[in-house]
Structure formats: structure tokens, C-alpha cells
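As a plain string of letters, each chain reads:
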Amino acid sequence: MAGGNTKKRSQKAGLPAGTLIHIGEQKTERTTITIIAYEDGNSREVDLSELEQYIASKNSNEVIWVNINGIHQAAIVETIGRIFHLHPLSLEDIMNTDQRPKMEEYKNYIFIVLKKLFYDEPTRRIKDDQISLVLGNSFLISFQESEPDMFTPVREAIRKRRGRISEAGADYLAYSLVDMAVDNYFLTMEKLGEDIEALEDNLVKNPEGQTLRSIHRLKRELIFLRKTVWPLREVVGDLERTGSTFIQESTIIYLRDIYDHVIHVVDTIETFREIVSGMLDIYLSSVSNKMNEVMKVLTIIATIFIPLTWIAGIYGMNFEHIPELKMRFGYPLVMLCMGAIGILMLVYFKRKKWF
Amino acid sequence: MAGGNTKKRSQKAGLPAGTLIHIGEQKTERTTITIIAYEDGNSREVDLSELEQYIASKNSNEVIWVNINGIHQAAIVETIGRIFHLHPLSLEDIMNTDQRPKMEEYKNYIFIVLKKLFYDEPTRRIKDDQISLVLGNSFLISFQESEPDMFTPVREAIRKRRGRISEAGADYLAYSLVDMAVDNYFLTMEKLGEDIEALEDNLVKNPEGQTLRSIHRLKRELIFLRKTVWPLREVVGDLERTGSTFIQESTIIYLRDIYDHVIHVVDTIETFREIVSGMLDIYLSSVSNKMNEVMKVLTIIATIFIPLTWIAGIYGMNFEHIPELKMRFGYPLVMLCMGAIGILMLVYFKRKKWF
Amino acid sequence: MAGGNTKKRSQKAGLPAGTLIHIGEQKTERTTITIIAYEDGNSREVDLSELEQYIASKNSNEVIWVNINGIHQAAIVETIGRIFHLHPLSLEDIMNTDQRPKMEEYKNYIFIVLKKLFYDEPTRRIKDDQISLVLGNSFLISFQESEPDMFTPVREAIRKRRGRISEAGADYLAYSLVDMAVDNYFLTMEKLGEDIEALEDNLVKNPEGQTLRSIHRLKRELIFLRKTVWPLREVVGDLERTGSTFIQESTIIYLRDIYDHVIHVVDTIETFREIVSGMLDIYLSSVSNKMNEVMKVLTIIATIFIPLTWIAGIYGMNFEHIPELKMRFGYPLVMLCMGAIGILMLVYFKRKKWF
Amino acid sequence: MAGGNTKKRSQKAGLPAGTLIHIGEQKTERTTITIIAYEDGNSREVDLSELEQYIASKNSNEVIWVNINGIHQAAIVETIGRIFHLHPLSLEDIMNTDQRPKMEEYKNYIFIVLKKLFYDEPTRRIKDDQISLVLGNSFLISFQESEPDMFTPVREAIRKRRGRISEAGADYLAYSLVDMAVDNYFLTMEKLGEDIEALEDNLVKNPEGQTLRSIHRLKRELIFLRKTVWPLREVVGDLERTGSTFIQESTIIYLRDIYDHVIHVVDTIETFREIVSGMLDIYLSSVSNKMNEVMKVLTIIATIFIPLTWIAGIYGMNFEHIPELKMRFGYPLVMLCMGAIGILMLVYFKRKKWF
Amino acid sequence: MAGGNTKKRSQKAGLPAGTLIHIGEQKTERTTITIIAYEDGNSREVDLSELEQYIASKNSNEVIWVNINGIHQAAIVETIGRIFHLHPLSLEDIMNTDQRPKMEEYKNYIFIVLKKLFYDEPTRRIKDDQISLVLGNSFLISFQESEPDMFTPVREAIRKRRGRISEAGADYLAYSLVDMAVDNYFLTMEKLGEDIEALEDNLVKNPEGQTLRSIHRLKRELIFLRKTVWPLREVVGDLERTGSTFIQESTIIYLRDIYDHVIHVVDTIETFREIVSGMLDIYLSSVSNKMNEVMKVLTIIATIFIPLTWIAGIYGMNFEHIPELKMRFGYPLVMLCMGAIGILMLVYFKRKKWF
């Protein structure tokens, strides 16, 4: 997983800084671009071909939101970059899906990278998609790795004038998109929580080699999750604290709300980590208990029958003079003796609570 | 537990930000509202229907305390929000019981979320109820999840002019409520301390699979507790340091006192965690000691009787020429020999301190 | 231990804030009060009955030191509090022996709580007594839980004009008392160091269940110690850094010295923790080595004699046609054979370094 | 490894501070020096003999880059030091390859030490080479331990006017060199990731002693890596934040990019550490599972046949009166009995899920 | 070790603050004092008897260095203290060898405590000697616990005008002494590194109880080392940052160099700790592997021969009607049968990779 990501990144090791190459898995065939402009509740669609011209004549208060799904085509990313005057390093970061969540201030925009998480049911693994946001003076550009477009509900809200979004600025739009991504984390955490509970039930009922592997799968997922969510805390915190003109005073209170959510997710991850770590202890202890069970059975059987076999062996000896052998009730007496020894041992083990 | 909470939160993942939905378990049927206004020791009850009108004509120094038990009805929360001009995000947080303790400053009020803890005797689990406080300019609103109203003693003290509370401001009232919640933590810690001591006794007497599960139950309770209490430290610290006009100079010294109590609880939780962690070591070591005991019994019996059985086997062979078989005292001699070997081995094991 | 402390605290959970109740074990019958006033080397005793009048007419440079042994009588604490204008919260803290070491600045005094430690020989446990100091403008009040009065040597030094103390201010007196308490920690650490060394010797010689319990006793003592000493670091650091007028410039250098001592104690505690933690590893490893020893004995005996018994079994079969049975030297040959097998196996085990 | 490095350093313990001695392995025979000067896209080679004269007459905006491969000859390092007025401590650091990555500001230059990492295929170990950079007012000196020259692509880009480098200043050149080194880390991480994955496969298939050693080899490599990469974070961070005149405003954005890469590498190292640490758990658990397997086989065989052997022993006794021996179907009955006991036991073990 | 140190300190617990008592082991018989004064390369020896007079008439730029070997005589330390106006607390610290490294600023001097480390070959333990430095306005006093004088090479360099030391100030002299002590640490680390490597070889070849004790010896040495070196980081850092007039601007760059060395030693200690910690894992795993080996031998022998012995037992029964016993080739057939069973089992174990 981690090894796979770095592998891809190494393709770039030889190339001069500034070359645009898509790093990461290509998750969609086509690149879809949706552009919407809105102000005071009124919205209209803009075509990519009109975009450049639109920007030139743009009403300064109208918000324009450009959403790109699919980031593997360098030409498109470069075009967008040229139109909005994005720094080459930002373009590189957009096309490289192996990024940590981060927030960077440039002169003319704020650049935000975060991750969308989703739980892949068939493989039971958590996967991530990179989302890059460019928030400038009444414009927002969002890049997603693949279809389906996660932000459709927000676009609908703008079109249908739902909530305050269609009347707010680009910063509130950015907030809405980040909020949508973070809300999605709760779904992933829920799935993970279910997995953990299922495993916990299993742990008590029948611990087996499979269980151990499941614990380790969970552990790795949690390492991966922490790596993904942890830096987001700083990203949102920085957004809150930056005195950037691109973020209005009234939006900061909303960012604080996202910050709380991220902390909540981080807390849950840490709690899960501690629980899973405790599960390993229970697993190892269960295995060792089973071993003890086995040893006790062995010990009970062996310690009862080994002495009895020895007694049988004694009277199987061929000495000419063994008086007991000629006794009338020798055989039943020996049998009684053996039975008594066996019962005494069982009582002893019972008192020792071996069974 | 944790998984259960996130599950509920995920219901909201699809909805636009700002929708008021109760998240969490509904713990009471009805919503009870109690309103009391007081100044210089005189107090009077106010009815919900008069509240809006009262606010309009309110004497600026009179303190009004609105307490709501039951937070699942969005309409009531919205009404209160409208009357006191609360921010939509605060209303959302009030109705979402899956919050971390936090303290947030708004323009016209300070918003505080904390948890009430109680030890549920039948299930031996620690449960929590969310308390939200809104402290404004001579008003305080408190939201609790369920009956019984935890703050009744404070209300009585106001009515009966006990202590300085009925003459102090809304900030001292807020302090009293937080103090009451934190004092309650000590009761919970005490119950937990008793559980730990009981388990510790059990650990030495008879360690069994049940013990391990109890240790893990305690571990999880402590993870949960830490998650609940830890952020409160910051909340109270922030209250102390905030230069807010809603908190008077003279009240800060009382907040410092609560801060000490919270630190004390946090310390106790950490100590409990270390103790429980040490109990796991003792448990595993006890189990392993029991296993050793079993192995020693097996070894003693087997190593004594296996050689003796072999000797019996030798004289059970059917060779025609085994001179010993014809000896007059062959049998008693062999028996003596066997006894000697057995005793020598027992002496050896005794010296090795195997029993 | 920890559970016991919280239990006591919970008695207060129902009462209104500000009620004076003694929390903790009552360690003395009577309350003894000693008051001494001194200036420029001259000292005189003051009686409790004269105290109030004395304060009123007090020469501003004369230092008055009030020492109270026994804090369970609310009336006495209240009287002192009234005379010196102490805040109700300070009085509460003085009577509650379940405090973390702390330092709090009030308008008219600095309030310091710390712990006296002593090693209780019979139970081999570390116990603590709470010391509260109130340092004001040329007055110092010290509260101790029990007799004997730990500060007698300091009082003697004042009476007999030993050292610079009888000529210095109340802050230097406060320093001397704290220094005396901290110096006492070294004695406790020494006792603990001896316990650890004794246990370490024992660990190598004969590890047994008792050893494990001793390790855990030490671990808990160290958790308790850390909890007690750790916050003192901050207390002394804060005293050093506070710009309070109650502490003179020249005394700060002495506080720095105490700070060093506290750090030294904290360091030693951490070192002890690491050593004790390492002892657990050695213990578990020793136990496992003993188990291996047992298994090897079992294996050597069983693997040698089980095959030999089988051989004996073969020639004990009753087939009519077993040619060996009729051979003249069958028996001695078989015996030689068995001996050879046994010796070969022993050689094999020897080479495997099993014994 | 670590011990080897310190060993070399100790050679210097007796010598006065300031003596130039090469510390570390000599990795190349000859010292190669390449000097290139460039401005506005035009570049020219400079010979070492001309260097001093060149510096005197240097156009202030022209950038001169001196690259030295091989640092074991004190004379050459001293010459360079004299020409560029380097501090004796810098020269010492250049010749001592046992340095932590660091960044130090001197009056006339910034001194940077970092490490080049490469994965040595035959030994499967990660090795490092030290790179020292001296960034001054339009000059850069780079020292490498050995051939091949890692920076050849950058020199080519300057010669052939590729990218913006040939038109930018010495600070951008320094950035390019550091970037090249850091990009190289991704290759190393990728190799390590492959090793980890290979080991993980092996772990499940057949855990053996070799596996444990491989885990520990990886662990040590990761300790070494962390030690090497971790301080680089601070180095790049300091470069970003230093207000030095040697670094232009426009270059800082590029340093931030390197910073991100370093954080990414650090994150991956931490993730690898957690994974490798988890592998140890799986390994130990697999070994213990194998042991259980062995114990179960032993127990099944022993507990079935020991009682049966005892029965056979009974009817092998030589008592004169054992009625069963004379029964017509005594033998087949006993055989049936034995078969029944064996089958019952197998059923019991099957239900216990022992096989 | 640690316990031993605190023990000594406790002697002082009863005494009034300010009493000069030597705490620690007395490591030398006599106290040797060497005084040298130098300026601009010229140096001369000064006798202790002349010292006081010399100080009075001292040329303000001449540096005087007083070195004392042996600190157990309170009279000498007091004399020096009186001549140079040292604070009583400094004198106490000089005579107490149980100090943490520290740096304290007084009005007229800077007081530095650090440790000299050396590896004691016979006992293979790391020992420490305390060095106290008092750096004032062109004077330096150094206290060492014992002969031989570690600083002889520096004195020689002053006498023979080697390096810049004889022309620099007292701060550069202080730097040289600290540097000498820190360089010495590398020798100790090297010895420790050799010990670790030797132990590591041993670990793979033959793990035994002795190995475990060696690991724990190393662990304790590393705890001790960390405790000694860790605070030095802060000491040197503080020296660098203090704006004291006793340290010239040009010397700070040299202190930064020492700081790097100390960080390097701290890093190596941490690396060693992680390696030694990993060695414990390998040791425990090796022991457990040996145990498995033993169990496998037992299982193979027992599971093969126990069933065969049963078969032999069957045909040893005395039933009158056992048809096989009368068969012509009964005996060889049974023997073949047994051989086949044995071989089949061996094949099974081989396939299970038990041997």
C-alpha cells in the first residue's frame, strides 16, 4: 500500500522539477469539467470554452466554481493553471495523488489538498481519493480523481437556492466541500466500527489464525487512516487562523465546526487503535488458554494411565516366584487397586481445578 | 460503543449543513423547561410563554436561567435559539450528543459542552449524558439529555438564598453547574476504583478467562473516560484565560479550582490505566504459572514411571534364558530396585524445587 | 490507594461549594499551634489568643510564622482564615488532603500545597502527608496533617540564630520549609533504591510468584511517587518565575536550587521505573527458562525409555515363532542393544546442549 | 554500523580542535572538481587554477558552482576554504562524514549538510553518502563523498538552458540539489517497501528463524533511516524561515515543496516502522501456533494410545485366574473395546476442534 | 547505582542549608591545584599562595585558570569561593558529585556542571566524574573529582602557544574544556558499540541466561548514559543563547559545534537503546525456538513409539485364542507392520517440516 505509492512517485526521481506527470492510479477514463457561476442566489452554467473570456469580463462579486473530475490529463490541468495563474508547484501537487493533506497560501489563492475516504465493501479495505481545492478571490477550483462527483448535492443546492450557500462567497463554498468530505469520514468510521465489533465477537467465540490476520488488517487500516486524517487537523486549523483575505470573518466559525469534526474523527481513530491493540492481547491470551487446555488433557490422561500401565507391567513379568499371581483373587484385587489410584488422581485434579 | 456513536452521526452525512436533527439516543419522553430569574437574592419563576416578553423588558442585572431537560425536539431548541439569538451551529451541537467537551466564544455568548458521568450499577458500565451551557450577558441556558434534573440543588440554593449564588452573576451560576458535574466525576472514579480493587483481589486468588474480559472492560471504560474528561481540561483552562466580558474577575479564581479538580480526575484516570495495564501482566503471568504447575506434575509422573515400566517390560520378555527370572528373590529384588529409582527421582525433583 | 482517596472526596459531591469539611484520614488527635515572630535575629513566641491583636499592631518588617499541626478541626482553620483574610477556596484546599501539589497566587498571599513523603518500614509502603503553606507580606502559615512537627529544626535555627534564616524574610522561611520537605524525598528514594536492589538479587536467585507481586508493589509505589513529585516541578518553577512581591530577588536563586533537587528526584523516579520495568522482563524470562528446564528433563527421559520399552514389548509378545527368543545369548544381546540406544541418545542430547 | 561511525570519530578525541582530518570511509581514489559559472542562461566552465583569480574579478550577478567529489584530501578542502573564506568548523564538518543533517548560518554563507541514500542491492542494506553545500552570495560549493557525481543532470540543465535554473540564482541551484537528493529517498523507500512486502508474504507462508533476522534487519534500517531523514525536516524548515539574504523570496515556495516531500518520507518511515513492528507480533504468534500444532498431535496420539496400552497390559498379566483370558471371544471383544475407546476419543477431539 | 547516589545525598537531609559537605565517593587522596595565567600567547604559573594578591593586582585582560583536582576538602573549596566571591549554593554544588549537568548564571560568573565519562575495562561499566566550571570575567575555575588531570593537553597548548587558545579569552578556554569532555564521550560510545556488537553475535550463536543479564546490563548503562548526557544538550544550548557578557560573540559558533556533538551522542544513545531493546526480542524468540525444538523431538519419538508399543502389548496378551500368534509368519508380519507405521509417521512429520 504505502510501498505502492512511493513506487509511483519514484518515476519522477529522474525528471527536472516542474514537469507535469500524473502520479497515482488512473481512476477514470474521461475528464469531466463542470463550471457554475452564481451571485445572490442566481446561478448559471459556464462552458469550458467560454471560461477564459468569462474570467476577463467577470463581475467581481460573482463566484465561479470549476470542478474537474479526473486529473490524469496534463493538458487540462495546465489550461486551468494558465487561466487562473496557478503556480507550477500547485499543478504538480494536483496531479500527484500521493500527497499529505495540506494547506498552502499563495499570493493569489489558497491551495488545499485533502482526502475523500470510502470503505470498499468487497475487499473490506478503506480507499482514498485526493481532492484539491484552489480558493481565490471569488473563484474556487476543485479537482477530484474520479467519478461519481461527490459534490453534486452542493451544486444542486446552489442551483435550487437551498440554504445560504447560493448567496455566500467562494470561501463558504470551500467550507461546504470540505465539510462534505469530512462528514463522509463518519460513514467510514462507522463501517470500521462494525468490523471491529464483529471481530471482537469472533475473538471470544473461536480465535484462529484468521483472526490474527484480521486484527492486523484493521491495524494497518488504522495506521493508514491516521496518516490521512491527522494532517487535516492542521490544515483546518491553519485555515481558521490564516488572516487571508480570501476567507471572510463569518466563515471562520464554520471552519471551527469542521475542526471539531476532524478532532472527533482523530479521537475515534485513536480509540479504535487502543481497542484493536487490546484485541491482540485477548487473542494471544485465548490461544495460550487453548494450549493450556490441551496440556491439561494430556497431563490428566498420562498421569493416570502411566502408573497403571506400570502396575500391569509388573504382573506381566515372568518371574517364577511372584506370590500374588497365584492368589485366588489376585486379578480383581489388582483391578480394584488400579481403579482406586485412578479415582484418587481424578479427585486430586478436580481439586486443583484442572477440569 | 464508539462505533455506535459514529453510526448515528452518519445519518447526517447526506444532509445540508445547518439541518437540526437529534443525534444520539433519546433518553426522555417529554421535554421539561424550568426558568428562574434572580437578582440580589430575590428569585422568581418565569413561564416559557412569558420568556420572550420577559427578555425584551429585562432588567439588565437580573440573571435568567433557562434549563431544558430533553433535547430531542428540534422545535423547542429552535425556539430557544431564536429568543436568545443563538448561532445555528450551536443549535446543531446542542442536539448532537456525540460531541467532545468544548468551549466556543460567539459574539453574544460563550457556548460550553461537557459530559455528566454516571456509573450504571446493573451493567457495571460508565454512561454519559451531554450538558450544553450557553452563558451570555446575565443569562444562562442549560440543556440536559434526560431527567432527573441534575441541577435541582443549585436551583434550590437560589430559591432559598443559600450561599452566595443568589447574589452573584450568570458566570458564577455557570461555574456552579460545571462544578456540580465535575464533582460527580469523583463518584464515578470511586466506583471504578472499587471495581479495580475487587478485580485485583480476584486476580491473585483465581485467574480465569472471565478475569481477562473484566480487565478489558475496565481498559475500555478508561479509554472512554479519558476521551470524555481530557478535553474538559482545555475547556476550563480556556474559560479561565478568555478575556470575555461574560466572566467576571472574581469568578476566575473559582474556575481555577475546577481546573484543579479536572486535573485530579485526569491524573486518577492515568493512574488507573497504569494499574489495569499492570494487572494484565499479572494475569498473564499467573496463567503461565498455572501451566508450569501442570507441566511439572506431568513431568514428575512420566519421568518416574516410564523407566519403571521399561524395567517391568524387560522381565516380561519371553526369552528362554533370562537367569534373573529363576532367582528365588528375583521379584522382590526388582521391586526394591524400582522403589529405589522412584525415591531417588523424587529426591532429585525436590532438590530442584519442583514441588 | 487511589480509589481510597477519591472515595473520601465523593462525600463532598452533594454539598454546596464553600463548605469546610476535612477530607482524608485524621492523623492526629489534637491540633497543635506554634507561633513565632522574628526580626533581625530576635525572635519571640506568640500565643494564639494574642495573634489577632498582634497582627493589628505588627511591625511591618517582623516575620510571623504560624504553624498548625492537625487540620481536621474546621473551626481552627476558619479562625486562621479570618485573621489572615484567606480565600474560602484556600481553606477548602487546606482541609482536603487529597490535593495535587500546586501553587496559586491570590491578591494578598501565595498559596502552596506540597507533600511530605515517608517510607513506612512495617508495611514497606510510601506514605504522604500534605503540607500547605500560605506566604504573605512578612507572614507565613504552615499546615501539617500530623505530629511530629517536621519543621522543628527550622524553628530551632530561628530561636538560636543559626544560619541566615532569623535575619531573612518570610520568603526565605518558605524556601527553608519547602527545602526541608524536598530533602526528605531523598531519604524515601534511598529506601526505595534498597528495596529495588534487594528484589534484583532475589530475581536472579529464585524467581517466584512473590517476586512478581513485589515488582508490582514497586511499580505502584513509583506511579504514586511520580504523581506526587511531578507537579512539584511546576510549583517550584512557577514560584521562581512569578514576579510576586512576596518573593525577594535574592531568594529566587535558592528556589532554583530546590528546582534542581526536584528534577533530580523526578529523574531518579523515571530511572527506577525503567529498572523495575526491566525486572519484569527478567522475571518472565526466568520463569520461562525454568519451564524449559522441566521440559528438557521430560523429553530426555521419555525419548530414551519409550523406544526401549517398545523393544521390551516386542520380546514380550507371545508369537510361537520368534527365533530370537530361543537364542542362547538373546537376552544379553537385547540388553546390550538397549544400552547402546540409550547411550547414543544421551550423546545426541549432550551435543544439542540439553544438559 | 552506529558503533563503526563513532569508532572513527574517536580518532580525533586527542587532537586539538581545528585539525582537519577525514573521518569516515574513503569512498573514492581521486578528487574531481568541476566548476561552472552561469548568468542569464549563459554558462562557462572554469578551471580550478583560474578560480581564485575569477573570484576576484567576478561579475556580482554571475553564479559560480564548485562541485567537489571526494573529500578525503585535506589540502583541497583547505584551498577551497581559503578562497571562499569558510570557517574552520565548516571545513571540519565537510571532512567528517559522520554528521547529522544540519543547516548553519555564518556571516558570509549558509552551510548545509544532508545525506544521499541508496539501496545497495547485493547486501540489501541502505547506505548513505554525505553531501555538504555552502551557499553564499551568488556562489554555491557542493561536496560529495564519491563518484558518480549525482548532480550531473543539474549541470546539464544549466549547460543546455533547460528549465529556469540557468537563469535563476545560487539559491535556486541549492534548492535543485537538495530536491534531487530528497527525490532519491523515494527510490530507497520503494525498495524498502518491496522488501517489507516480500517479507510479509513469507511470514504467512513459512515463518522461520531467518524471518526474525530479516525483521530485525528491517527494523535497524528504519532506525538508521529515521536518524538520517528526521533532522532534514528541521534543516529545510530552517532554510524556509531564515531571513537570510542568500535566499530569495521566490525560492522559499520551492523549499516549502521540499519540506512536504521530507515530511512524506518521514511519514512513510513511521508507517513502515509500525508495519514491521506488527510483523514481529505475527511472527511470534505464528511460531506459537506451530508449537500448538505440535502439542496437539502429541496429545492426540498419547491420550489415545496410553489407555489402550494399559488395557493390553492388563491382559498381559500372568495371574492364574483371569476369567476373560479363557473366553472364546475374549480377544476380539477386547479389540473392539479398544477400537471403540479410540474412536470416542477422536470424536471428542474433533468436537474440541483440535484437528 | 542510582540508589547508591541518593543514599549519600540523604546524609545531608538533617543539616541546615548551606553546610559544605562532600557528597559522593572520595576518588583521590590529595587535592592538586594548578594555576596558570596567560595573555596574548604569554603564560605564567601562579602559586596558590600568591593567588589572592594576584587577583587584586590583576591586569584586566589577562586570563587566569585555576584547576582543582580533588574536591573532598571543604577548606580548599571555601578558600577558592572566598577569593572569587562564589555563591554558597555553587560551593555546595561543587562538592556534591550527585548533580545533573546544569548551567546557572550568577551576577559575577556562569556556573557549569558536566560529567566526564569513561569505560572501566575490568568491570565493563561506564563511570562518571563530575567537572564543575566557573567562568567569570577573564577567569576560569575548573574542579575535577580525581587525578589524572583530564585537561593537561589544554594547559600544554597554552604553555606552548599551540592553536588560538593562548590568545583567546576565558570563554574560549571554557569551550575547550567542555569540548574535551564531550569528545571523550565518543570513546565511551565506541566501547559500548563494541559491547553491543559482541553481544549480538553471541545472541545468534548461543542464547543463554548470561545473555539476558548482559542485555540488561547494557540497558541500565544506557539509562544511566541518557540521564547524564541528555541535560547537557540544554546546558550547551543555554550557553549559546545566554546574552552573558562572559561569552564573546565569536565563541558562540564554537558552542554550536559542541551542541551538534552532544546531539550526535544523544542520537547514538537512542539508537543503541532501540537496538538493545530489539535484542531482547531476539533473545526471547531464540529461547522459545529452542523450546519448540525440544518439544518436536519429544513429539516425534513419543508419537511413533507409543502406538508401536501398544501393538506389541496386544500380542503380549495372554488370551488363549489369538489366532495371529499361531501363524507361521505372524512375528515378521507384525514387525513389518510396525516398521511401516513408523516410516509413514516419519514421512508425515517430514512433510510438516518438523525436522
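Per-chain numbering applies: the sequence of each chain, read as written, is numbered from 1 onward. All chains are assigned letters beginning with A, and all ligands numbers beginning with 1, in the order in which they are written. Totals for whole chains, interfaces and linings use all residues, but because this is a predicted model, local features are given only for residues with pLDDT of at least 70 and pairs of side-chain atoms are given and counted only at 80 or more.

Caption draft 1: Quick peek at the overall build of chain A. Strands are runs of DSSP state E lasting at least two residues, helices are runs of H or I lasting at least four, and both sets are numbered from the N terminus onward. Helix and strand counts for chain A come out as 10 helices and seven strands. As a reference, a globule follows 2.2 Å times the number of residues to the power 0.38, and the radius of gyration itself is taken over C-alpha atoms. Expected size for 355 residues packed as a compact globule is a radius of gyration near 20 Å; at 35 Å, chain A overshoots this value by more than 25%. Its C-alpha atoms give chain A principal-axis dimensions of about 125 × 45 × 30 Å. When the 355 residues of chain A are sorted by exposure, 42% land in the buried category. In this description, a residue-residue contact is defined by the distance between C-beta atoms placed from the backbone, which must lie within 7 Å. For chain A, restricting intrachain contacts to residue pairs at least 6 apart in sequence, the fraction spanning at least 24 positions comes to 67%. Buried, partly exposed and exposed are defined by the number of other C-beta atoms within 10 Å of a residue's own C-beta, namely 20 or more, between the two limits, and 12 or fewer respectively, with C-beta atoms placed from the backbone.

Caption draft 2: Spatial organisation of the sheet that holds strand S5 (residues 109-120) of chain D. Residue and element names in this part refer to chain D. DSSP-based pairing: two strands are paired if at least 2 bridges between them are found. Pairing is mixed in the open sheet, where seven strands are placed in the order S2-S1-S3-S7-S6-S5-S4. Edge strands, defined here as strands with exactly one partner in the open sheet, are strand S2 (42-46) and strand S4 (102-105). Taken over all neighbouring pairs, the strand axes of this sheet differ in orientation by 20° on average, direction set aside. This element, helix H6 (residues 170-205), spans strand S3 (63-69), S5, strand S6 (125-136) and strand S7 (139-144) of the sheet and lies at about 25° to S5. Between N-to-C directions, angles cover 0 to 180 degrees, with each direction set by a line fitted to C-alpha atoms, over the stretch in contact for helices.

Caption draft 3: Spotlight on the relation of the copies chain A and chain D. The atoms used to superpose the copies are C-alpha atoms, taken from residues with pLDDT of at least 70 in both, and the fit is least squares. With an RMSD of 0.1 Å, the fit of chain A onto chain D corresponds to turning through 72° and sliding 0.1 Å along the axis. Look at the turn and shift together and you get a five-fold axis relating the two. When each C-alpha of chain A is compared by its distance to the rotation axis, Gly-316 of chain A comes out closest, at 4.6 Å. Interface overlap between copies is the fraction of interface residues in one copy that are interface residues in the other; for chain A against chain D it is only 17%, indicating separate surfaces.

Caption draft 4: A look at the interface of chain A and chain D. Facing 47 residues of chain A, the contacting portion of chain D comprises 54 residues. Looking at the side of chain A that touches chain D, the elements with two or more residues in it are helix H1 (2-10), strand S4 (102-105), helix H7 (209-241), helix H8 (249-314), helix H9 (323-326) and helix H10 (330-351) of chain A. Here the side of chain A that touches chain D gets 16 residues from one element, more than from any other, and that element is H8 of chain A. Here the term charged refers only to Asp, Glu, Lys and Arg, the term nonpolar to Ala, Val, Leu, Ile, Met, Phe, Trp, Tyr, Cys and Pro, and the term polar to all other amino acids, Gly among them. Residue composition of the side of chain A that touches chain D, grouped by class: 24 nonpolar, 12 polar and 11 charged.

Caption draft 5: Geometry of the packing of helix H8 (residues 249-314) of chain B against helix H8 (residues 249-314) of chain C. At a minimum axis separation of 9 Å, H8 of chain B and H8 of chain C run at an interaxial angle of 20°. Taken as axis vectors, H8 of chain B and H8 of chain C run roughly parallel relative to one another. For the pair H8 of chain B and H8 of chain C, the sense of crossing is left-handed. For the contact of H8 of chain B with H8 of chain C, a count of residues per class yields 21 nonpolar, nine polar and two charged. If an angle is under 35 degrees, it is roughly parallel; if it is over 145, roughly antiparallel; if it lies from 65 to 115, roughly perpendicular; otherwise it is oblique. A clockwise turn of the near helix away from the far one marks a right-handed crossing, whereas an anticlockwise turn of less than a right angle marks a left-handed crossing.

Caption draft 6: Local environment of the packing of helix H6 (residues 170-205) of chain C against H8 of chain C. Residue and element names in this part refer to chain C. For the pair H6 and H8, the least separation of the axes is 10 Å and the interaxial angle reads 15°. Taken together, the axes of H6 and H8 are roughly parallel relative to one another. Remark: the crossing between H6 and H8 carries left-handed chirality. Each residue belonging to the contact of H6 with H8 can be placed in one class, and the counts come to 21 nonpolar, four polar and three charged.

Caption draft 7: Main features of the domain arrangement of chain A. The domains assigned to chain A are domain 1 (2-285) and domain 2 (296-351). For every domain, the bounds stem from an assignment made automatically or drawn from a database. Computed over C-alpha atoms only, the centres of domain 1 of chain A and domain 2 of chain A are separated by 76 Å.

Caption draft 8: Structural view of the environment of Asp-183 of chain A. Residue and element names in this part refer to chain A. The topology assignment puts Asp-183 in helix H6 (residues 170-205). Under the C-beta neighbour-count criterion, Asp-183 is labelled partly exposed, with 18 such atoms within 10 Å. With 125 residues separating them in the primary sequence, Asp-183 and Leu-308 have C-alpha atoms 71 Å apart.

Caption draft 9: View of unusual backbone geometry. Residue and element names in this part refer to chain E. The phi angle at His-85 is positive, at roughly 55°, despite the residue not being glycine. Looking at the secondary structure, you find His-85 in the loop between helix H3 (74-84) and helix H4 (88-95). Backbone geometry places Arg-161, a non-glycine residue, at a positive phi of 55°. With respect to the helices, strands and loops of the structure, Arg-161 is situated in the loop between helix H5 (152-159) and helix H6 (170-205). Its 15 C-beta neighbours within 10 Å are what place Arg-161 among the partly exposed residues.

Caption draft 10: Here's a closer look at the environment of Ser-250 of chain A. All names here are of chain A. Here Ser-250 is to be found in helix H8. On the neighbour-count criterion, Ser-250 (11 C-beta atoms within 10 Å) is exposed. For the pair Ser-250 and Asp-171, spaced 79 residues apart in sequence, the C-alpha to C-alpha distance is 9.8 Å.

Caption draft 11: Seen up close, the pairing of S3 of chain D. Residues and elements named next belong to chain D. Counting buried positions along S3 yields seven of seven residues, so the element is predominantly enclosed. Where strand S1 (residues 32-39) lies against S3, seven bridges are found, and the strand directions are antiparallel. Bridging from a neighbouring strand, Ile-33 pairs with Ile-68 of S3. Alignment of S3 against S7, held across six bridges, turns out to be parallel. What sits directly across from Trp-65, in S7, is Leu-140.

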